[in-house]
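Listed below, chain by chain, are the residues.
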Amino acid sequence: MKMALVEDGPGSYKFTFSSKRGEFTGRVNVGVEGPPDKRSEEDKEQAARNQILALSREFSESCGD
């Protein structure tokens, strides 16, 4: 399994998660409101990974409905 994360503009990241079963692709936002974002690239990427985790939980819940 692997995940690719690519910055796609201010506060936006595209991601691709792939495994033997298939692939998910999408985009997440990590906040662009308020003052300029002064976080490090590492912190921004971690925020994007956190958003992807939250999105995957919501997706999982919707599959159960």
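On a predicted model such as this, the values are computed, not experimentally measured, just so you know. The written sequence of each chain sets the order in which its residues are numbered from 1. Local features in this predicted model are restricted to residues of pLDDT 70 or higher, and side-chain atom pairs are both shown and tallied only at a pLDDT of 80 or more, whereas totals for entire chains, interfaces and linings draw on every residue. For the side-chain quantities, the full set of heavy atoms in the structure was used; hydrogens and water were omitted.

(A) Broad picture of the overall build of the chain. Within the chain, the regular secondary structure consists of one helix and three strands. Helix numbering and strand numbering both begin at the N terminus, where a helix is a DSSP run of H or I of at least 4 residues and a strand a DSSP run of E of at least 2. Reading the secondary structure of the chain in the N-to-C direction produces β-β-β-α. In terms of its C-alpha atoms, the chain occupies a principal-axis envelope of roughly 40 × 25 × 15 Å. Relative accessible area decides the class of each residue, using a 1.4 Å probe on protein chains only: under 20% of the type maximum gives buried, over 50% gives exposed, and in between gives partly exposed. When the 65 residues of the chain are sorted by exposure, 18% land in the buried category. Taking as baseline every contact in the chain between residues at least 6 positions apart, the subset at least 24 positions apart corresponds to 22%. Here the chain displays about 5,300 Å² of accessible surface, and carbon together with sulfur accounts for 50% of that area. Contacts are residue-level and defined by heavy atoms, with any inter-residue pair within 4.5 Å sufficient. Here the open area of atoms and residues is found with the Shrake-Rupley method and a 1.4 Å probe, where only the protein chains shown may cover a residue.

(B) Broad picture of helix 1 (residues 41–64). Along its 24 residues, helix 1 runs 35 Å from first to last C-alpha, staying within 8% of the 34 Å computed at 1.5 Å per residue. Buried positions along helix 1 lie against strand 1 (2–7), strand 2 (12–19) and strand 3 (22–29). A helix's residues, less one, multiplied by 1.5 Å, set its expected span.

(C) Structural view of the pairing of strand 3. Alignment of strand 2 against strand 3, held across eight bridges, turns out to be antiparallel. Bridged to Ser12 within strand 3 is Asn29. One requirement defines pairing of two strands: DSSP has to find at least two bridges between them. Taking the residues that link successive antiparallel strands as the turn, the strand 2-strand 3 hairpin has two residues.

(D) The arrangement of the nonpolar core in detail. Core analysis: the biggest nonpolar cluster contains eight residues, these being Leu5, Tyr13, Phe15, Val28, Val30, Ala47, Ala48 and Ile52. Of all elements in the fold, only strand 2 and helix 1 reach the threshold of two or more residues within this core. With residues up to four places along the chain from it excluded, the contact list for Ile52 reads Met3, Leu5, Phe15 and Val28. Buried Ala, Val, Leu, Ile, Met, Phe, Trp, Tyr and Cys residues form a nonpolar core when they are joined through side-chain atoms within 4.5 Å.

(E) The arrangement of the sheet that holds strand 3 in detail. A sheet is described by the order of its strands in space; here three strands give the open sequence 1-2-3, paired in antiparallel fashion. Where the open sheet ends on each side, the last strands, each with one partner, are strand 1 and strand 3. Strand-to-strand twist in this sheet, taken as the mean axis angle between neighbours without regard to direction, amounts to 15°. Note that strand 1 and strand 2 share six bridges and pair antiparallel. Axis definition: a line fitted to C-alpha atoms, limited for helices to the stretch in contact. Angles are taken between N-to-C directions and run from 0 to 180 degrees.

Honestly, that's just the spatial picture; any functional story needs more than this.
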